[in-house]
Amino acid sequence: MKYQRLRNEMVTKQIIARGISDPRVLSALRSVPRHLFVSEAMMDQAYGDFPLPIGEQQTISQPYIVAEMTQALQVTPEDRVLEIGTGSGYQAAILAQIAFRVYTVERIHSLYTRTRKLFDQLRYHNIVTRYSDGTTGWKEHSPFDAIIVTAGAPEIPAVLVNQLAIGGRMVIPVGDRHTQDLIKLFRDEQGVHQSSLGGCRFVKLIGEHGWRES
Ligand code: SAH
């Protein structure tokens, strides 16, 4: 299989080579068919070391960023995870290999319907999708063991932090429109602890607790 070979190569050259070592993350990256999350015209580029357009001016993140964020979330098989920004569905599919259940929210209707269909086709039955503004979270299913925001926020929405379980982890890119800092949060009985994983660049998180639509 050509794509399996490209996937293994991606994991070795882009992911392990840059220090990602969590076996669950590596095995998820080896198994999810990333080429099915991009348009047919871009399938051959799907395993390259870069993000790709997915329509509606949105992008599927570079494989390394997906790996880094997933590893930072320290997901276990019992965990319930919330993702804001479904997009292509690739990040949710990676999380779904490891977690008990993934709840993912998308604000662009065409991406929501397309990706929902793909999850059905690929039989990712532990992914629950929703069409809505994810900056307010998903209260009915909270608290979450992990929350991942895959669009750049002007600041950390407090409402999301409040939906994090004690012991929960969150990763979110925070900054201006051009560059952001990838922030990791950890919540315990004492409060919320924050650290930076480095610079990154995401499309805008648009919504009530994100950027205003321009
Ligand atoms: N995780 C995605 C990345 C997609 S890009 C993937 O693996 O492909 C970021 C996505 O966040 C876009 O689809 C964008 O429409 C969505 N987004 C931006 N603001 C949002 C919000 N407030 N709620 C839900 N989705 C949002």
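Residues numbered from 1 in each chain as written. Predicted model: local features only at pLDDT ≥ 70, side-chain atom pairs only at ≥ 80, totals over all residues. Heavy atoms only, no water.

(A) Inspection of helix α2 (residues 23-31) at higher detail. Every buried residue of α2 is accounted for by Val 25, Leu 26, Ala 28 and Leu 29. Looking straight down α2, one finds its buried side chains confined to an arc of 160°; they lie on one side. Where α2 is buried, its residues contact α1 (2-16), α3 (63-72) and α4 (90-98). Capping the start of α2 is the job of one residue whose side-chain oxygen sits 2.9 Å from the backbone nitrogen of Arg 24: Asp 22. (Buried < 20%, exposed > 50% of the residue type's maximum accessible area, 1.4 Å probe, protein only. Helix = DSSP H or I, 4+ residues; strand = E, 2+ residues; numbered from the N terminus. Arc of directions from axis to C-beta. Contact = heavy atoms within 4.5 Å. Polar contact = N/O pair within 3.5 Å; in protein donor to acceptor, adjacent residues only side chain to side chain.)

(B) Local environment of the pairing of strand β9 (residues 191-200). Relative to β9, strand β8 (residues 180-188) runs antiparallel, the two sharing nine bridges. Directly across from Arg 187, in β9, lies its bridge partner Val 192. If you look at the hairpin formed by β8 and β9, you'll find two residues sitting between the two strands. (Pairing = 2+ DSSP bridges.)

(C) Representation of the UniProt feature "active site" (unreviewed entry) in the protein chain in the model. Feature annotation in UniProt assigns "active site" (unreviewed entry) to the following positions: Ser 61. For Ser 61, the residues in contact, after removing those within four places along its chain, are Arg 34, Pro 51, Val 66 and Phe 202. (UniProt positions renumbered as here; feature names shortened; annotations may be inferred.)

(D) Spatial organisation of the pattern of salt bridges. Under the counting rule described, the total for this entry stands at six salt bridges. For the salt bridge of Glu 9 with Lys 13, the shortest nitrogen-to-oxygen distance reads 3.8 Å. Of this pair, Glu 9 and Lys 13 both sit in helix α1, four residues apart, roughly one helical turn. Among the ionic pairs, Arg 107 bridges to Glu 213, the shortest N-O distance being 3.1 Å. (Salt bridge = Lys/Arg side-chain N within 4 Å of Asp/Glu carboxyl O.)

(E) Main features of the environment of Glu 189. Looking at the secondary structure, you find Glu 189 in the loop between β8 and β9. We classify Glu 189 as exposed; its relative accessible area is 65%. Separated by 71 residues in the primary sequence, Glu 189 and Leu 118 have C-alpha atoms spaced 39 Å apart.

(F) Spatial organisation of the site of the ligand. As a matter of local geometry, the ligand sits amid 27 residues, with Ser 88, Glu 106, Asp 133, Gly 134 and Ile 206 nearest to it. Residue Glu 83 places a side-chain N or O atom 3.0 Å away from a nitrogen atom belonging to the ligand. Within the backbone of Ile 206, an N or O atom sits 2.6 Å from a nitrogen atom of the ligand. Counting only elements with at least two residues in the shell around the ligand, the list comes to β2 (58-60), β3 (80-84), α4 and β4 (101-106). For the shell around the ligand, the leading source of residues is β2, giving three residues. Of the residues belonging to the shell around the ligand, the class tally is 10 nonpolar, 12 polar and five charged. (Near = heavy atom within 4 Å. Nonpolar A, V, L, I, M, F, W, Y, C, P; charged D, E, K, R; others polar.)

(G) Region of interest: the packing of α1 against α2. Here α1 crosses α2 at 145°, and the two axes come no closer than 8 Å. The element α1 and its partner α2 pack so that their crossing is right-handed. Contacts from Gln 4, Arg 7, Asn 8, Met 10, Val 11, Ile 15 and Ile 16 in α1 reach Leu 26, Leu 29, Arg 30 and Ser 31 in α2. Broken down by class, the residue content of the contact of α1 with α2 amounts to six nonpolar, three polar and two charged. (Axes fitted to C-alpha atoms, helices over the stretch in contact; angles between N-to-C directions. Left-handed = near helix turned anticlockwise from the far one by under 90°.)

(H) Focus on unusual backbone geometry. At the junction of Ser 142 and Pro 143, the peptide bond is cis and its omega measures out at 5° in the coordinates. Residue position: Pro 143 is located in the loop between β5 (127-131) and β6 (144-149). Phi angles above zero are rare outside glycine, and Gln 74 is one such case at about 50°. Among the structural elements, Gln 74 can be located in the loop between α3 and β3. Classification of Gln 74 as partly exposed rests on a relative accessible area of 43%.

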